[in-house]
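Okay, here's what each chain looks like letter by letter:
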Amino acid sequence: MHPPKNVVGAVGSAPGARVRLGNRWHAEGAYVYQQDAEESESANNVKGLDALFGGHGKRERFGILGHPSYNGGFPSVPPGGLIKELTLSLENELLAQRFRRTHELEALGHRPYGSRFDYTHTVPQLWKEHGEKNAEALEATKIAARVCGRIQSIRGKGKAGFMHIEHCGEKLQVYVKIDLLSEDGFKLYQLLDIGDTIGVEGTLFRTRTGEFSIQAAKLTFLSKTLLSMPEKFHGLEDVETRVRQRYLDLIANLDVRKTFVARAKVVQSLRRQLDERGFIEVETPMMQPLYGGAAARPFVTHHNTLDLDLYLRIAPELYLKRLIVGGMDRVYEINRNFRNEGISIQHNPEFTMLEFYQAFTDYEGLMDFTVELLRQTAIDVTGGTTVQFGDHTLDFSNIRRFTMREAVLEFWPGDNKPSMENLQDAEWVKARGGKHTPGESLVELFERYVEKNLIQPTIIYEYPVEVSPLSMRNRRDPAFVDRFEIFCAGMEIGNAYTELNDPNEQRKRFEQQLGMKERGDEEAHQMDEDYVRALCYGMPPTAGEGIGIDRLTMLLTNSRSIRDVILFPLLRPEGEIHIASLLRSVEADAPSGV
RNA sequence: GGGCGCGUAGCUCAAUUGGCAGAGCAACUGACUCUUAAUCAGUAGGUUGAAGGUUCGAUUCCUUCCGCGCUCACCA
């Protein structure tokens, strides 16, 4: 017959005791069980319990799942009742095993946690300095090194073995041989688990199969892993786990680190380019009594002492322009914005934006600057001006420019293309776009037909005034403003315009927004009187721009989702983790005298 | 928020029409002194996301809930 995993018989209980089974459940009440004499396989489970929890006198602290037909659920198993399944969590078992191993390490004279290790090289440094040398050169010079890292793999060979350790994103093979280590050193090697962090002192060499490696003369134990690492071949693929436990993602998938290094380079490059041009980096409030600078719904928070509701900023724009009024001609800020909107492959509720403002220029000046800024950033991050993104090769050295109306004509689907005269006809545009105003309708047509087709970096300019409450009107055509956006891979990555600096005009725009708000537009601007007051002191002609750092990073790292470029994107909470009680139970069952 | 899909061992995945839940890696025991997805022999590991329903019997069918993904809406 099929080996049963059942243990039969529950006798006695100790009500009030707190028990755990597996890694999920606990219940009031505890049970002593006995194995069914007829089911010999069940004895394995009992033995397993003994081995795991230290045996005698401990068992009664562990619960057993009751058979539903008797009690409708845990924990009211009647004495002698049928017990469905005795489950021991594997995770629990592994954890207990490794927890015990910390004591074995201590018995050998090692600290399972906390030793300092002064390495002579990081692994990448070692590769850079010596990784090209051939076997003879390495043999002749016997270069000594101390390196450290997390164990990625172990291949034991009896009295010798190989490991790969990883440090700073790169791996190095370690060769251990009993002859070359002290007896205790080899014992330590035998206690190592994948995921432990160790230090290695030894000499560099090349193995018979040609791999650059270090031959260990001494191992130092540095940090113990209690949980098992993801599988070595496939790595960690579950998207949810990768994002929730980013640390594990970084351990298991070394390329993830490269993405975030690239992200740091994006910020570095932009910062350097702005600094070189005399821009001053500033920080403006993230908690604002009024929100503005973009069309979005805000998050609300509260300051207790002032008893004041505050908004997490949706944009720093209005503060940065106050600084322009104050004579800080060139300012920029790189920081988070918060928008209480949906989450998608391109949207995270908090995202990073560069905003910069330059006095005495206009949007055309910024267009030229932007072209250079993006080109140079691509070079700084990837080494060239073309980058692979999915099936496309994006070329940052050749950025096209269309007016919005030209783009709508250019990308209009099918043969029945409208004429420029059609697009200049307010009624025609309203009829096709279906919005209240011609401007909003034109944007609707743009978003419907054009946006997703803008794969190569492209500048779109001449925006309708209705969707641009902070931009300066075009002098020739007051229905439009002096504004452009940058698109790439179907995404908007930047937005820039000549700033509206006429206070009375700004007052009217705010009032127009208030009207929209009354009609139910939750994203319309609030009236910001202090901002209008600042403009009343006179703001020099200015142009400003915002560039989405997350999206730009996506482009330069070939990442399809914004979650791939944000270390900890917003997720729903995952529920109980139970690691604390797991550790508690493992510690309680560890041998005393620790 | 709407629609579609997914959730099985620590990880990566199977499971025929509804019929005894399996494999590889990781772990444990043993062998192996240049391996590299090491190999060989053995062992253990599961409330099949949760609760309920249908059924003699549910990983499988139904309902609800939780989490995730894709997509639409909103937005950058």
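What comes next concerns the included structure. (Residues numbered from 1 in each chain as written. Chains lettered and ligands numbered in written order. Predicted model: local features only at pLDDT ≥ 70, side-chain atom pairs only at ≥ 80, totals over all residues. Heavy atoms only, no water.)

## Focus: a nonpolar patch on the surface
Inference 1: On the surface, a cluster of nonpolar side chains totalling about 310 Å² of accessible area is made up of Leu227, Ile577, Ile579 and Leu583.
Inference 2: As for its placement among the helices and strands, Leu227 is situated in the loop between β11 (212-223) and α7 (239-244). (Patch = residues over 30% accessible without salt bridge, like charges linked within 9 Å, V, L, I, M, F, W, Y side chains within 5 Å. Areas by Shrake-Rupley, 256 points an atom, 1.4 Å probe, with all protein chains shown as cover. Salt bridge = Lys/Arg side-chain N within 4 Å of Asp/Glu carboxyl O. Helix = DSSP H or I, 4+ residues; strand = E, 2+ residues; numbered from the N terminus.)

## A closer look at the environment of Tyr497
Inference 1: With respect to the helices and strands, Tyr497 occurs in strand β23 (residues 491-498).
Inference 2: Considered as a pair, Tyr497 and His303 are 194 residues apart in the sequence and their alpha carbons are 34 Å apart.
Inference 3: Once you skip the residues sitting within four places of it in the chain, Tyr497 turns out to touch Glu317, Tyr363, Leu470, Ser471, Asp482, Arg483, Thr542, Ala543 and Gly544. (Contact = heavy atoms within 4.5 Å.)

## Brief notes about the sheet that holds strand β14 (residues 299-303)
Inference 1: Taking strand neighbours across the sheet as the criterion, the three strands line up as β13-β15-β14 in an open arrangement whose pairing is antiparallel. What marks the edges here is a single partner per strand, and that holds for β13 (287-288) and β14.
Inference 2: Bridge count between β14 and strand β15 (residues 308-312): five bridges; the pairing is antiparallel. Bridging from a neighbouring strand, His303 pairs with Leu308 of β15. (Pairing = 2+ DSSP bridges.)

## Observations concerning the side chain of Arg483
Inference 1: Among the secondary structure elements, Arg483 is positioned in strand β22 (residues 480-488).
Inference 2: Its relative accessible area of 8% is what places Arg483 among the buried residues.
Inference 3: Within polar-contact distance, the side chain of Arg483 engages the side chain of Glu485 at 2.8 Å.
Inference 4: Discounting residues that sit within four places of it in the chain, Arg483 has contacts with Tyr363, Ile460, Tyr461, Glu462, Tyr463, Val467, Ser468, Ser471, Asn495, Ala496 and Tyr497. (Buried < 20%, exposed > 50% of the residue type's maximum accessible area, 1.4 Å probe, protein only. Polar contact = N/O pair within 3.5 Å; in protein donor to acceptor, adjacent residues only side chain to side chain.)

## Side note on the packing of aromatic side chains
Inference 1: Tallied over the entire structure, the rule returns 13 aromatic pairs.
Inference 2: Considering the side-chain rings of Phe162 and Tyr175, the 4.7 Å spacing of their centres and the 25° angle between planes classify their relative orientation as stacked. In this pair, Phe162 is assigned in strand β8 (residues 160-167) and Tyr175 in strand β9 (residues 170-177), connecting sequence segments 13 residues apart.
Inference 3: A relative accessible area of 15% means that Tyr175 is categorised as buried.
Inference 4: An angle of 80° between the planes, with centres 6.3 Å apart, marks the rings of Phe402 and Phe411 as edge-to-face.
Inference 5: Taking relative accessible area as the criterion, Phe411 reaches 18% and is therefore assigned buried.
Inference 6: Every member of this aromatic cluster is reached through a ring pair, and the members are Phe162, Tyr175 and Phe205.
Inference 7: Here the guanidinium or amino end of Arg322 rests over the ring plane of Tyr319, the centre of that ring lying 4.7 Å away.
Inference 8: Across the ring face of Tyr463, the terminal group of Arg483 is positioned such that the distance to the ring centre comes to 4.5 Å. (Phe/Tyr/Trp six-rings, centres within 6.5 Å; stacked < 30°, edge-to-face > 60°. Lys NZ or Arg CZ within 6 Å of the ring centre and 35° of its normal.)

## What about the nonpolar core?
Inference 1: Counting 42 residues, the largest nonpolar core has Leu354, Phe356, Phe396, Phe484, Leu552, Leu555 and Leu556 as its most contacted members.
Inference 2: Ranked by residues supplied to this core, first place goes to helix α11 (residues 363-382) with nine residues.
Inference 3: Setting aside residues no more than four positions away along its own chain, Leu552 makes contact with Val266, Leu270, Leu374, Thr377, Ile493 and Ile547.
Inference 4: Grouped together as the second largest cluster of nonpolar side chains are 27 residues, Leu138, Ile165, Leu188 and Phe221 included. (Core = buried A, V, L, I, M, F, W, Y, C linked by side-chain atoms within 4.5 Å.)

## Let's talk about the sheet that holds strand β24 (residues 542-548)
Inference 1: Strand order in the open sheet formed by eight strands is β12-β16-β17-β24-β23-β22-β21-β20, with mixed pairing between adjacent strands. Strand pairing shows two members of the sheet lacking a second neighbour, β12 (280-281) and β20 (400-403), which therefore form its edges.
Inference 2: For strand β16 (residues 330-338) and strand β17 (residues 350-359), the ladder comprises nine bridges, and the chain directions are antiparallel. By the bridge assignment for β17, Ile334 is matched with Leu354.
Inference 3: Packing of helix α10 (residues 317-325) onto the sheet brings it into contact with β16, β17, β23 and β24, and relative to β17 it is tilted by some 25°. (Axes fitted to C-alpha atoms, helices over the stretch in contact; angles between N-to-C directions.)

## With respect to α11
Inference 1: Here α11 spans 28 Å end to end across 20 residues, near enough to the 28 Å set by a 1.5 Å rise per residue.
Inference 2: Every buried residue belonging to α11 is among Tyr363, Leu366, Met367, Phe369, Thr370, Val371, Leu373, Leu374, Gln376, Thr377, Ala378 and Val381, and all of these are buried.
Inference 3: The residue sitting at the N-terminus of α11 and contributing the capping side-chain oxygen is Asp362; that oxygen lies 3.1 Å from the backbone nitrogen of Glu364.
Inference 4: Directly after α11, the chain includes Gly383, whose backbone phi takes a positive value near 90°. (Expected span 1.5 Å × (residues − 1).)

So far we have only geometry, and geometry alone does not tell us how the molecule works.
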